[in-house]
Amino acid sequence: MNAVPTHLAVILDGNGRWAKKKGLPRNAGHVKGARVLEDMCEIVYNKGIKYFTVYAFSTENWNRPADEVSALMNLLRDYMKNSVKRAMKNNMRVRVIGDKTGLDKDLFDSIEELEKATEGNTGLFFQIALNYGGRDEIVRAVRKLAQSGADLTKLTDSELNEALDTSGVPDPDLLIRTCGEERISNFLLWQLAYSEFYFADCAWPDFNEAELDKAIESYSSRTRRFGGLAEGEA
Ligand code: FPP
């Protein structure tokens with residue numbers, strides 16, 4: 001039996017379908033999704049979860065229609081600018097993972113500001129994946145190591161782990177994906193090696209504490225083996 005996960009990762013899916021079902025533009029789904037996410041940061045922390053990582057924008061999401069991309073970027077801009085106060089009040093540390101160099105300069109700057117302002121906070125460690133792809137993260141990490149002069153012929157698991165964007169953060173114990181899809185979609189490819197997966201039927205904008213409780217209950221009843229045998233199975 002597992003307790004509450006230490007690290008929860010979520011693929012926020014279904015904003016568009018949620019909006020369409022209500023006859024609203026797709027962006028209305030993203031706006032509601034961002035609000036749900038803010039509430040969820042407090043809810044997960046109150047459950048005892050210490051690290052929370054979400055997939056907000058993938059390296060492939062640039063292929064969406066230009067108006068949707070720009071609406072999402074504006075939502076992220078607003079989030080980075082407006083959440084410093086709330087993060088400080090909740091003692092929350094925020095880190096953005098992904099290729100930040102591919103973002104507009106003003107967004108890049110407000111991310112740096114938010115990360116810097118909250119880096120000493122000791123409550124929830126909230127990671128937002130933005131312009132993020134798991135393969136891209138691994139390639140950037142290997143390049144970084146090569147540029148630093150490391151001998152790649154002797155590269156170890158832990159050296160590569162520490163060169164990733166998620167450096168210093170333990171691997172997710174539980175991954176939740178909403179809205180019925182059962183794919184990994186290039187999210188945390190390295191870090192999810194031994195995570196438990198949970199697929200929720202509801203769209204992200206409908207996700208709430210009761211849905212989270214169902215996922216945690218499922219997680220806590222599983223036996224984790226990490227490739228070996230669980231206690232008592234030998
Ligand atoms: C997936 O729904 C969701 C996204 C691509 C964006 C997720 C972003 C947010 C919840 C808001 C911004 C985040 C922060 C940190 C403020 P979809 O559009 O793929 O839905 P669909 O599969 O139904 O079309």
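Residues numbered from 1 in each chain as written. Predicted model: local features only at pLDDT ≥ 70, side-chain atom pairs only at ≥ 80, totals over all residues. Heavy atoms only, no water.

J.: How would you explain the overall build of the protein if you had to name every residue and give the values?
T.: Looking only at helices and strands, the protein has 8 helices and 6 strands in total. What you see in the protein, going N to C, is helices and strands ordered as β-α-α-β-α-α-β-α-β-α-α-β-β-α. Rg of the C-alpha trace for the protein: 18 Å, near the compact-globule value of 17 Å for 234 residues, within the 12% margin. When the backbone C-alpha atoms are referred to their principal axes, the protein occupies close to 55 × 45 × 35 Å. (Helix = DSSP H or I, 4+ residues; strand = E, 2+ residues; numbered from the N terminus. Rg over C-alpha atoms; globule rule 2.2 N^0.38 Å.)

J.: Give a detailed account of the pairing of strand β2 (residues 51–58), specifying residues and quantitative values.
T.: For a regular strand, side chains alternate in direction, first toward one face of the sheet and then toward the other. Burial runs high along β2: 6 of the 8 residues are buried. Where strand β1 (residues 7–11) meets β2, 5 bridges bridge the pair, whose relative direction is parallel. Among the inter-strand pairings, Leu-8 is bridged to a residue of β2, identified as Phe-52. (Buried < 20%, exposed > 50% of the residue type's maximum accessible area, 1.4 Å probe, protein only. Pairing = 2+ DSSP bridges.)

J.: Please give an account of the packing of helix α2 (residues 26–47) against helix α8 (residues 209–220) that cites residues and values.
T.: Packing of α2 against α8 leaves a shortest axis separation of 11 Å and a crossing angle of 40 degrees. Relative to α8, the element α2 is oriented oblique. Remark: the crossing between α2 and α8 carries right-handed chirality. Contacts between α2 and α8 pair Met-40, Ile-43, Val-44 and Lys-47 from the former with Glu-209, Leu-212, Asp-213 and Ile-216 from the latter. Tallied by class, residues from the contact of α2 with α8 come to 5 nonpolar, no polar and 3 charged. (Axes fitted to C-alpha atoms, helices over the stretch in contact; angles between N-to-C directions. Parallel < 35°, antiparallel > 145°, perpendicular 65-115°, else oblique. Left-handed = near helix turned anticlockwise from the far one by under 90°. Contact = heavy atoms within 4.5 Å. Nonpolar A, V, L, I, M, F, W, Y, C, P; charged D, E, K, R; others polar.)

J.: Break down the packing of aromatic side chains for me, citing the residues and quoting the values.
T.: Going through the model one piece at a time under the given rule, you end up with 10 aromatic pairs. Judged by centre distance (4.4 Å) and plane angle (15 degrees), the rings of Tyr-55 and Phe-187 are stacked. A residue pair is termed long-range when its members are at least 10 positions apart, and Tyr-55 in strand β2 and Phe-187 in the loop between β5 (174–177) and β6 (196–199) qualify at 132 residues. Taken as a pair, Tyr-55 and Phe-187 share a single burial class, namely buried. (Phe/Tyr/Trp six-rings, centres within 6.5 Å; stacked < 30°, edge-to-face > 60°.)

J.: Describe in detail the environment of Ala-3, supporting the description with residues and values.
T.: You can see Ala-3 is positioned in the segment before β1. Along the primary structure Ala-3 and Glu-217 are separated by 214 residues, whereas in three dimensions their C-alpha atoms are 9.1 Å apart. Excluding residues that lie within four positions of it along the chain, Ala-3 makes contacts with Tyr-219 and Ser-220.

J.: Pulling in residues and values, what's your account of the side chain of Asn-61?
T.: Position of Asn-61 relative to the elements: it lies in the loop between β2 and α3 (66–82). For Asn-61, a relative accessible area of 17% corresponds to the buried category. Polar side-chain contacts of Asn-61 include one of 2.8 Å to the backbone nitrogen of Ser-58. (Polar contact = N/O pair within 3.5 Å; in protein donor to acceptor, adjacent residues only side chain to side chain.)

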